[in-house]
Amino acid sequence: IALLTIPSTSVFAEEDEDWKSLKRQSKRMKINETADAALEQLFEDSEKAKELFNRSYGWAVFDNLKLALGFSGGGGNGVATVIKTDQRTNMQMGTAGVGLGLGINKYQVVFLFQDSKTLTTFVENGWQADAGASAVAGKSGAQAKPDFTNGLAIYQLTDKGLMLHADIAGTKYWKNKKLNR
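Attention here is on the structure that accompanies the text.

Parameters at a glance
- Residues numbered from 1 in each chain as written.
- Predicted model: local features only at pLDDT ≥ 70, side-chain atom pairs only at ≥ 80, totals over all residues.
- Heavy atoms only, no water.
- Buried < 20%, exposed > 50% of the residue type's maximum accessible area, 1.4 Å probe, protein only.
- Helix = DSSP H or I, 4+ residues; strand = E, 2+ residues; numbered from the N terminus.
- Arc of directions from axis to C-beta.
- Polar contact = N/O pair within 3.5 Å; in protein donor to acceptor, adjacent residues only side chain to side chain.
- Core = buried A, V, L, I, M, F, W, Y, C linked by side-chain atoms within 4.5 Å.
- Contact = heavy atoms within 4.5 Å.

### A closer look at helix H3 (residues 47-54)
So, step 1. Every buried residue of H3 is listed here: Lys-48, Ala-49, Leu-52 and Phe-53. Burial along H3 is one-sided: seen end-on, the buried residues are contained in an arc of 145 degrees. Residues of H3 that are exposed and point more than 90 degrees away from the buried face comprise Glu-47 and Asn-54.

Quick look at the structure:
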């Protein structure tokens, strides 16, 4: 197990150091580039997600890195955006959990917001996924019409594509005070 732990910790530390070396404006640009690429990937993977996006008031994308060694923890950065105005708010996320697991998982979470109230509440008050939260895949239910649940649709993208019922429980989202100055 020690051999597996060392590379995982090393990769996490390298990502963290790369991020710390960037200036504020460069961090914003990197977050925006990652978010735009995640949206493009989502639209390629799911026509239904694109349909839902076209009915959305806004969106948010978070780039996450999760480390699991019996318990899991991770974090990431993202941006929430009003579609009509392209007004962007930089945000952060953190996640923790307990369970069986070993390794590193890098993924993006895409939120689609049905209306102004849902997006504003997410940005101003943050959001915490509880034990019952899960991301939804646009490929599920080929006959189903894409729709929002409580004003929100959530997708998770990994290097293997769109995840069905991907676990996002134990995750909290909040404004990034340093990048919103």
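Now that the structure is up, let's keep going.
### What about the environment of Asn-77?
So, step 1. Turning to its location among the elements, Asn-77 is positioned in strand S1 (residues 58-82).
So, step 2. A residue is classified by how much of its surface remains accessible, and Asn-77, at 16% relative accessible area, is buried.
So, step 3. Along the sequence, Asn-77 and Met-93 sit 16 residues apart, while their C-alpha atoms lie 6.2 Å from each other.
So, step 4. Reaching out from Asn-77, the side chain makes a polar contact with the side chain of Asn-176 at a distance of 3.4 Å.

### Some remarks on the environment of Arg-181
So, step 1. Positionally, Arg-181 belongs in the segment after strand S6 (171-175).
So, step 2. For Arg-181, a relative accessible area of 64% translates into the label exposed.
So, step 3. When the C-alpha atoms of Arg-181 and Asn-90 are compared, they prove to be 9.8 Å apart, with 91 residues separating the residues in sequence.

### Some remarks on the nonpolar core
So, step 1. One finds Leu-39, Leu-42, Trp-59, Val-61, Val-110, Leu-112 and Tyr-155 to be the most contacted residues of the largest nonpolar core, which totals 19 residues.
So, step 2. Listing elements by their share of this core, those giving two or more residues are helix H2 (24-45), H3, S1, strand S2 (88-113) and strand S4 (152-158).
So, step 3. Looking at this core element by element, the count peaks at six residues for H2.
So, step 4. Setting aside residues no more than four positions away along its own chain, Trp-59 makes contact with Ala-35, Asp-36, Leu-39, Phe-53, Val-79, Ala-80, Thr-81, Ile-83, Arg-88, Phe-111, Leu-112 and Phe-113.
So, step 5. The next biggest cluster of nonpolar side chains, apart from the first, holds 16 residues, and it includes Ala-60, Met-91, Met-93 and Leu-119.

From the geometry alone we can't say anything about function, so treat these as descriptive.
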